[in-house]
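Read off the chains here:
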Amino acid sequence: MPDENPLPPRAGRPPVPSSRRSSEPAVAPYRRLPRRVVPPVAHRARGPAWVCDGCGQDWPCPALRSVPTDAARRATLLPEFARVTRHALRDLRGRPGGPDPVTIVRRFLWFLPLSDEEARAVALRLR
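Residues numbered from 1 in each chain as written. Predicted model: local features only at pLDDT ≥ 70, side-chain atom pairs only at ≥ 80, totals over all residues. Heavy atoms only, no water.

**Q** Hey, could you run me through a positive patch on the surface in this one?
**A** A cluster of basic residues, Arg 86, Arg 90, Arg 93, Arg 125 and Arg 127, forms a positive patch at the surface. In this fold, Arg 125 is placed in helix H4 (residues 116–126). (Patch = residues over 30% accessible without salt bridge, like charges linked within 9 Å, V, L, I, M, F, W, Y side chains within 5 Å. Areas by Shrake-Rupley, 256 points an atom, 1.4 Å probe, with all protein chains shown as cover. Salt bridge = Lys/Arg side-chain N within 4 Å of Asp/Glu carboxyl O. Lys, Arg positive; Asp, Glu negative; His and termini not counted. Charge placed at Lys NZ, Arg CZ, Asp CG, Glu CD. Helix = DSSP H or I, 4+ residues; strand = E, 2+ residues; numbered from the N terminus.)

Here it is as structure tokens:
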């Protein structure tokens, strides 16, 4: 069987014979993948205002908070929301009439049952 590899061999390596048969197409036929359904309005936000893009309320908004949070979901939410809480503390703290750090932590980590002392400790750790 002749060498079907169209590329020249690399220096120091023997050529790799092609495992493709001559009757097989060179490229797999194009298949259209199903589209992923994305909700029309996403309840996301960014600083410095931390207002929901979808409903305009303080984020995390009631629509996002209404999603049930079991222990497994809390475990997946915690790293991302801790990162977001750090940014929110930097953006919202010290604004005239803005929330204090304890309120910010309790707002952004709503899915954790935090006391005021625990929220204060988290705020100190994240700033």
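**Q** What's the story with helix H2 (residues 71–92) in this structure? I'm lost.
**A** For an α-helix, 3.6 residues make a turn, and residues three or four places apart therefore share a direction. Helix geometry: H2 is bent most strongly at Leu 78, by close to 40°, with proline Pro 79 lying one to four residues after it. When H2 is considered as a whole, its buried residues turn out to be Leu 77, Phe 81, Val 84, Thr 85, Ala 88, Leu 89 and Leu 92. On its buried face, H2 sits against helix H1 (62–65), helix H3 (101–108) and H4. The positive-phi residue at the C-terminal boundary of H2 is Gly 94, with phi of around 85°. (Bend = angle between axes of the 7 residues up to and from the residue. Buried < 20%, exposed > 50% of the residue type's maximum accessible area, 1.4 Å probe, protein only. Contact = heavy atoms within 4.5 Å.)

**Q** Teacher, can you tell me more about H4 here?
**A** Listed as buried for H4 are Ala 119, Ala 123 and Leu 126. Buried residues of H4, seen end-on, are gathered within an arc of 75° and therefore sit on one face of the element. Set apart from the buried face of H4 by more than 90 degrees, the exposed residues are Glu 117, Leu 124 and Arg 125. Looking at the buried positions of H4, the neighbouring elements they touch are H2 and H3. (Arc of directions from axis to C-beta.)

Interpretation in functional terms is not warranted from these geometric data alone.
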